Amino acid sequence: MKIVKADTILISIPFDAGGIPPWSFGGKPKLAFDTLLVRLETEDGHVGWGEAFSRNEDRSLAMMIETRVLPLVVGRDAREIAKIKHDLEFNLQNFGRIGPIMYGISAVDTALWDIAGKAAGRPLVDLLGGAFTNTLDVYASLMCYHNIDDVTAAVGRCLERGYRHIKLHEVGEPEIRAACAAAGDAEVTLDTNCPWPVEEAMDMDARLADLGLAWFEEPVWPPENYRGLARVRAQGNHPIAAGENQGGLHDFMAMIDAGAIDIAQPDVAKTGGVTELMKIAALCEGAGIRFVPHCALFGPGQVATMHINAARRTTPILERLFCDFEAELYDGATLPVDGKIKLPTGPGLGLDPDPDVIADYRVD
Ligand SMILES: [Mg+2]
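Per chain, the residues get numbers from 1 upward, laid out in the order the sequence is written. A pLDDT threshold of at least 70 governs which residues receive local features in this predicted model, and a stricter bar of 80 or more applies before side-chain atom pairs are shown or counted, although totals over entire chains, interfaces and linings include all residues. Values reported for side chains reflect all heavy atoms of the structure, with hydrogen atoms and water molecules removed beforehand.

## Quick word on the domain arrangement of the protein chain
Heads up, the condition is: The domain limits used here are those given by an automatic or database domain assignment. Residue contacts are defined here by distance: any two heavy atoms, one from each residue, within 4.5 Å place the two residues in contact. Buried area is calculated as the accessible area (1.4 Å probe) missing from two parts once they are joined, with the contributions of both summed.
Once the domains are mapped, the protein chain shows domain 1 (3-120) and domain 2 (126-353). Contacts between the two partners involve 35 residues from domain 1 and, on the opposite side, 41 residues from domain 2. In this assembly, domain 1 packs against domain 2 so that about 3,100 Å² is buried in total across both faces, 65% of it on carbon and sulfur atoms. Among the residues domain 1 hides against domain 2, the three largest losses belong to Glu-51, Phe-53 and Trp-113. Together they make up 18% of the total.

Below you can see the structure in the form of structure tokens.
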């Protein structure tokens, strides 16, 4: 099971979000989303796929993983998942405990679990203890539109497609109120991506109290301001969700110790891969905190998150960003239907990326 090849493959696929360009980079509108793949191959021919968090043609991030992380993986025994992950983290600790290097380690870990499942001839979920369900509920995670017309139209399209759970990425009260009104009796959560000092976050929490939001995500700047988050949680009106900007088990321990969160949101492509997410899931179970992974991913990261969620008794709802891609990496197998998605049943992740899509959308 010696790993003989380790590569990054960066692809960038254009999407339509049905509104104004939802984000830009350096002032230039970008309507494409990266999937930064890590591909590992063993001497006996097993191929594993992982995903590192990425955004828009992140060549520098791919290069960092290619040159710093992957050379430490080649030659190792793919069965030693925990040891490889430990050695990567220990040897690369000076490059930061959250950020590009950890994204690369996360991708390697997921690819190793894919190989383990393929070698065992079992789907990943079986290696994690077995499935509690074969069908996952999905919430539509909307782009940020920052205008009432586009966000309400997007909510309407979510409902037409059968979603019963919708997450907004708005910070303006008029847009939030209009979107909630458009959502009717569908459940709405709000993700603000860390915009406010504590006092402003508390003010917004109070102003939105009548809307019945199911959670209030990352209201406080900066993301490691656990005391500030804890104040909003203690004095505010909403369950608090956070975790996509935390690096691993101990960051979640610190957040929980601070009383900062009701809902933990580690990301399999940022927070240490499948191995670390299962540790965080156990921590949450012990602490009475909801475990609902973050998943702004469309490749092996999304598929791995599906297996992780299915392996939990309190099956977390799966996040999927609400946009339509020009091409699908898995021929549509990772697209929700009526707000639900089927867990793949093949060995490992159960899905391999389409080589034609990789060829067509690869960023060199
Ligand atoms: Mg978020």
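## Structural notes on the nonpolar core
Using the following cut-off: Residues belong to one nonpolar core when they are buried, are Ala, Val, Leu, Ile, Met, Phe, Trp, Tyr or Cys, and are joined through side-chain atoms within 4.5 Å. Think of it in three bands: residues with accessible area under 20% of the maximum for their type are buried, residues over 50% are exposed, and the middle band is partly exposed, with areas taken using a 1.4 Å probe on protein chains only. Under the DSSP-based scheme used, a helix requires at least four consecutive residues in state H or I and a strand at least two consecutive residues in state E, with every element numbered from the N terminus.
By size, the foremost hydrophobic cluster in this structure holds 119 residues, and its most contacted members are Leu-40, Val-69, Val-108, Leu-142, Leu-168, Ile-261 and Val-274. Looking at this core, the element that brings in the most residues is helix H3 (residues 100-120), giving 10 residues. Residues from two domains meet in this core; each of domain 1 (3-120) and domain 2 (126-353) gives at least three. If sequence neighbours within four positions are ignored, Leu-40 has contacts with Ile-3, Lys-5, Ala-6, His-46, Val-47, Gly-48, Val-73, Val-108, Ala-111, Leu-112 and Ile-115. Tyr-139, Trp-215, Val-292 and Ile-317 belong to the second largest nonpolar core, which has six residues in total.

## Notes on the pattern of salt bridges
As a reminder of what qualifies: When a carboxyl oxygen of Asp or Glu is within 4 Å of a side-chain nitrogen of Lys or Arg, the pair counts as a salt bridge.
Under the defined criterion, the tally for this structure stands at 29 salt bridges. Ionic pairing is found between Glu-41 and Arg-39, a salt bridge with its closest N-O pair at 2.8 Å. Residue classification places Glu-41 among the partly exposed positions, given a relative accessible area of 22%. According to the relative accessible area criterion, Arg-39 is buried, its value standing at 19%. Three or more residues joined by partner-sharing salt bridges are found here, namely Lys-85, Glu-89, Arg-97, Glu-276 and Lys-279.

## Remarks on the side chain of Thr-35
Summarising the element assignment, Thr-35 is placed in strand E4 (residues 32-42). Beyond its immediate stretch of four places on either side in the chain, Thr-35 contacts Ile-9, Leu-10, Ile-11, Glu-51, Phe-298, Gly-299, Pro-300 and Leu-329.

## Quick word on the environment of Ile-115
Summarising the element assignment, Ile-115 is placed in helix H3. Overall, Ile-115 belongs to the buried group, its relative accessible area being 0%. Beyond its immediate chain neighbours, meaning those up to four positions away, Ile-115 contacts Met-1, Leu-40, Thr-42, His-46, Val-47, Gly-48 and Ala-78.

## Describing the coordination of the magnesium ion
A metal bound by six donors in octahedral fashion has ideal angles of 90 or 180 degrees, whereas one bound by four tetrahedral donors has an ideal angle of 109.5 degrees. Stated formally: Here the term donor refers to an N, O or S atom within 2.8 Å of the metal (or 3.2 Å for Na, K and Ca), and because water is left out of the atoms, sites may appear incomplete.
The magnesium ion binds to the protein through Asp-191 (OD), Glu-217 (OE) and Glu-244 (OE), with metal-donor distances spanning 1.9 to 2.1 Å. Along the chain, the residues donating to the magnesium ion are arranged with the sequence spacing D-x25-E-x26-E. With Asp-191 in strand E8 (residues 187-191) and Glu-244 in the loop between strand E10 (240-242) and helix H9 (249-257), this pair connects stretches of sequence that are 53 residues apart. A relative accessible area of 2% means that Asp-191 is categorised as buried.

## Digging into helix H7 (residues 198-207)
As a reminder of what qualifies: Within this analysis, the arc is defined by the directions that extend from the helix axis to the C-beta atoms.
By the burial criterion, the buried members of H7 are Val-198, Ala-201, Met-202, Met-204 and Asp-205. In an axial view of H7, the angular spread of the buried residues amounts to 160°, which keeps them on one side of the axis. Elements in contact with the buried residues of H7: helix H6 (173-183), strand E9 (216-217) and helix H8 (226-235).

## Quick look at the sheet that holds strand E1 (residues 3-16)
Note the threshold: Two strands form a pair only when DSSP identifies at least two bridges running between them.
The four strands lie next to each other as E5-E4-E1-E14, forming an open sheet whose pairing is antiparallel. Lying at the two open borders of the sheet, with one neighbouring strand each, are strand E5 (47-52) and strand E14 (324-325). In the sheet, E1 pairs with E14 via two bridges, with the strands oriented antiparallel. If you follow Phe-15 over to E14, its bridge partner there is Phe-325.

## Quick word on H9
Along H9, the positions that sit buried rather than exposed are Phe-252, Met-255 and Ile-256. Each buried residue of H9 lies within a common arc of 95° when the element is viewed along its axis, so the set occupies one face. Along H9, exposed side chains directed more than 90 degrees from the buried face belong to His-250 and Asp-257. Where H9 is buried, its residues touch H8, E10, strand E11 (263-264) and helix H10 (273-287).

## Looking at the packing of helix H1 (residues 59-69) against H3
Defined as follows: To define axes, lines are fitted to C-alpha atoms, for helices over the stretch in contact only, and angles between the resulting N-to-C directions are given on a 0 to 180 degree scale. Just so you know how the angles are binned, under 35 degrees is roughly parallel, over 145 roughly antiparallel, 65 to 115 roughly perpendicular, and the rest oblique. Each crossing is labelled by how the near helix is turned from the far one, with a counterclockwise turn of less than a right angle marking it left-handed and a clockwise turn marking it right-handed.
For the pair H1 and H3, interaxial distance at closest approach is 9 Å and the crossing angle is 70°. Taken as axis vectors, H1 and H3 run roughly perpendicular relative to one another. When the axes of H1 and H3 are compared, the crossing they make is right-handed. Across from Leu-61, Met-64, Ile-65, Arg-68 and Val-69 in H1, the residues of H3 making contact are Pro-100, Ile-101, Tyr-103, Gly-104, Ile-105 and Val-108.

## As for the pairing of E8
Stated formally: Seen with its strands pointing away from the viewer, a crossover is right-handed if its path from the first strand over the helix to the second goes clockwise.
A large share of E8 lies buried, amounting to four of its five residues. Pairing of strand E7 (residues 165-168) with E8, which is carried by four bridges, proceeds in the parallel orientation. Bridged to Ile-166 within E8 is Val-188. Where the polypeptide runs from E7 across H6 and back to E8, its parallel neighbour, the crossover connection is right-handed. Of the strand pairs in this sheet, E8 and E9 are connected by two bridges, and their pairing is parallel. Within E9, the residue paired with Asp-191 across the bridge is Glu-217.

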